[in-house]
Amino acid sequence: VQLQASGGGLVQAGGSLRLSCVASGLTFSSYAMGWFRQAPGKEREFVVAISRSGRDSVKGRFTISRDNAKNTVYLQMNSLKPEDTAVYYCVAGVRPTSVPQTYDYWGQGTQVTVSS
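Rules and cut-offs
- Residues numbered from 1 in each chain as written.
- Predicted model: local features only at pLDDT ≥ 70, side-chain atom pairs only at ≥ 80, totals over all residues.
- Heavy atoms only, no water.
- Disulfide = S-S within 2.5 Å.
- Helix = DSSP H or I, 4+ residues; strand = E, 2+ residues; numbered from the N terminus.
- Pairing = 2+ DSSP bridges.
- Core = buried A, V, L, I, M, F, W, Y, C linked by side-chain atoms within 4.5 Å.
- Buried < 20%, exposed > 50% of the residue type's maximum accessible area, 1.4 Å probe, protein only.
- Contact = heavy atoms within 4.5 Å.
- Salt bridge = Lys/Arg side-chain N within 4 Å of Asp/Glu carboxyl O.

Within the structure shown, the criterion is met by one disulfide. Each sulfur of the disulfide joining cysteine 21 and cysteine 90 lies 2.1 Å from the other. Judged by the sign of its S-S torsion, about -80°, the bond between cysteine 21 and cysteine 90 is left-handed. Of this pair, cysteine 21 sits in strand E3 (residues 17-24) while cysteine 90 sits in strand E9 (residues 86-93), and the two are 69 residues apart along the sequence.

Direction of pairing for strand E1 (residues 2-6) relative to E3: antiparallel, over a ladder of five bridges. Residue pairing for E3: leucine 3 is matched across the bridge by alanine 23. As paired elements, E3 and strand E8 (residues 72-77) share six bridges and run antiparallel to each other. Its bridge partner lying in E8, leucine 19 is registered against leucine 75.

Turning to the nonpolar core, a few remarks are in order. The biggest cluster of nonpolar side chains holds 28 residues, and the ones touching the most others in it are Leu3, Met33, Trp35, Val73, Leu75, Met77 and Tyr88. With sequence-adjacent residues up to four places away left out, leucine 75 is seen in contact with Leu17, Arg18, Leu19, Trp35, Val47, Val48, Phe62, Thr63 and Tyr88. The next biggest cluster of nonpolar side chains, apart from the first, holds five residues, and it includes Phe46, Ala49, Val91 and Tyr103.

Per the counting criterion, the structure on display carries three salt bridges. Linking glutamate 45 and arginine 37 is a salt bridge whose minimum nitrogen-to-oxygen distance equals 2.8 Å. In this structure glutamate 45 comes out as partly exposed when scored by relative accessible area, which is 38%. Residue classification places arginine 37 among the buried residues on the basis of a relative accessible area of 12%.

Structure follows, in structure tokens:
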């Protein structure tokens, strides 16, 4: 199983980024998907998650969506702040929760840096 995240980078405060995560090696539509993040020296933090169908999500500040035909989940981040700087990880699991231990697969992460 691979979860390949992309779309990170450097952005100014107030700007936007859209992260993508392409999944392979699993039946994508059978998994809830989510995003976590971790900043240097800080605990891993839940961002948002979405159900297998895409109809339900565990709400967060950013917007998650998925395209089951493309095996891809997206994270739309608007009004970014310097404190959003972190490595963002794509995850796959049985159900959409905010608990990291409930997810079976983790991607390699993509760096998001927000400058002030």
